[in-house]
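Listed below are the residues making up each chain.
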Amino acid sequence: MRILVVGAGSTGGYFGGRLLQAGRDVTFLVRPGRAQQLRARGLEIVSPHGDITLTPQLLCAGDIRGPYDVILLTVKAYSLAQALEDVAPAVGPDTVILPVLNGMKHMGVLRARFGGDKLVGCVCMVAASVDAQGRVIQDGELQRLSYGELSGRPSVRIARLDGVMRDAGFDARLSSTIERDMWEKWVLLATLGGVNSLMRATVGEVVAAPGGLDFIHAFLDEVVSVVRVVGIPPGEAFLATTTRLLTERGSNRTSSMYRDLCAGDPVEAEHILGDLVARAAAAGLTVPRLSAAFMQLAIYERRRRAEDSTNTADS
Ligand SMILES: NC(=O)C1=CN([C@@H]2O[C@H](COP(=O)(O)OP(=O)(O)OC[C@H]3O[C@@H](n4cnc5c(N)ncnc54)[C@H](OP(=O)(O)O)[C@@H]3O)[C@@H](O)[C@H]2O)C=CC1
Ligand SMILES: CC(C)(CO)C(=O)C(=O)O
């Protein structure tokens, strides 16, 4: 099975790298800067599951010759539009697209661009980043990729995909409830990212602050109340685990969106929070905490863009 990984950043570099390490037929679609870095240094992974440096096959936009069997889409939401243009020549009638993005908005975008029949659901659970030298740094035990038909039904193609993902050095899981899993992940991430970003703090720091615990519970309740109306309601087991994770004393847990914010990088605010606020508004629901979290990230984004254009004009 020919696999094209779009992006060789935190998640693409990590899971694509593990698949390559396991001997799968993997090619990365990258932009010229990342291509240059990877040609010079290789794809370096630093992880408690084992460090490795790989020599990946690379393509840039315009180099794709014909369809791939699997496309693992690992770009940030704000890069999606261009990435879909670049990857289009790799999408054939039997291609399966597996998007690791958080949130749900990209599913509509992908469906509109390539057709719903190409899409399978996917949830990516990992804490990964790319450091200043371009190395993929993966933290902690968690390295899970779940996937499944959105219908929940078994199929020949999902069984083949499962065969390729299994035993590739990470926790690969075929799910018959992947759409619900995706909504649940969104609940976790919108709450974690929203609370972290609004309070500029880790879970443990918020829990230790006056009123912090009540605030986290209220934020989670707000997100869940929206998802119950506009999406697939989370299960009780998920809610119990998530509540525990989000209210743990002394926890240094943060979301990747908050880590991007701390680094002064672009954030996926529109995709992770804005889309939920918009769906709530369309359903007539009031979401003051979510709206405040989204608003301050929108201000951050606007300020960032203004500073970027000033710097570009100065140089
Ligand atoms: N990081 C994490 O721990 C987790 C992230 N996620 C989600 O996964 C998604 C991807 O995040 P993450 O891997 O962290 O993002 P990164 O920013 O680390 O990596 C994205 C990569 O995509 C590349 N890219 C962007 N546009 C294109 C394009 N047109 N063609 C080829 N490559 C392109 C970027 O290239 P360049 O180097 O040129 O900028 C970058 O290397 C997000 O939605 C995120 O929320 C989910 C779970 C955990
Ligand atoms: C699972 C979690 C919360 C891991 O960091 C994540 O997906 C993210 O931070 O984007």
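Up top you'll find the structure we're talking about.
Residues numbered from 1 in each chain as written. Chains lettered and ligands numbered in written order. Predicted model: local features only at pLDDT ≥ 70, side-chain atom pairs only at ≥ 80, totals over all residues. Heavy atoms only, no water.

**Some remarks on the pairing of strand β9 (residues 136-148)**
Defined as follows: A pair of strands counts as paired when DSSP detects no fewer than two bridges linking them. Secondary structure elements follow DSSP: runs of H or I no shorter than four residues count as helices, runs of E no shorter than two count as strands, and numbering proceeds from the N terminus.
Inspection of the sheet shows strand β3 (residues 43-46) paired to β9 by two bridges, in the parallel sense. When the bridges of β9 are listed, I45 appears paired with V136. Bridge count for strand β8 (residues 121-130) against β9 is 10 bridges, and the pairing is antiparallel. Its bridge partner being in β9, V126 is matched across the sheet by Q143. Connecting β8 to the next strand, β9, in antiparallel fashion are five residues, including G134 with a positive phi near 90°. In the sheet, β9 pairs with strand β10 (residues 171-174) via four bridges, with the strands oriented parallel. Residue pairing across strands places Y147 opposite L174, the latter belonging to β10.

**With respect to the site of ligand 2**
To keep it simple, the criterion reads: One heavy atom within 4 Å of a molecule or strand is enough for the residue carrying it to be called near that molecule or strand. Identification of polar contacts relies on pairs of N or O atoms within 3.5 Å, with a donor-acceptor requirement for protein atoms, meaning one able to donate a hydrogen and the other able to accept it, and with residues adjacent in sequence counted only if both atoms are side-chain atoms. For the accessible areas, the method is Shrake-Rupley and the probe is 1.4 Å, while residue cover comes only from the protein chains on display.
All residues in the neighbourhood of ligand 2 are listed as N102, M125, V126, K185, L189, L192, S255, S256 and R259. Between ligand 2 and K185 there is a distance of 2.7 Å, counted from an oxygen atom to a side-chain nitrogen or oxygen. Interatomic distance of 2.5 Å between a side-chain N/O atom of S256 and an oxygen atom of ligand 2. Expressed as a share of its isolated accessible area of 280 Å², the protein-covered part of ligand 2 is 89%. Counting residues per element, the ones that place at least two in the shell around ligand 2 are β8, α6 (178-199) and α10 (256-262). Here the shell around ligand 2 takes three residues from α6, the largest share from any one element.

These values are about where atoms sit, not about what they do.
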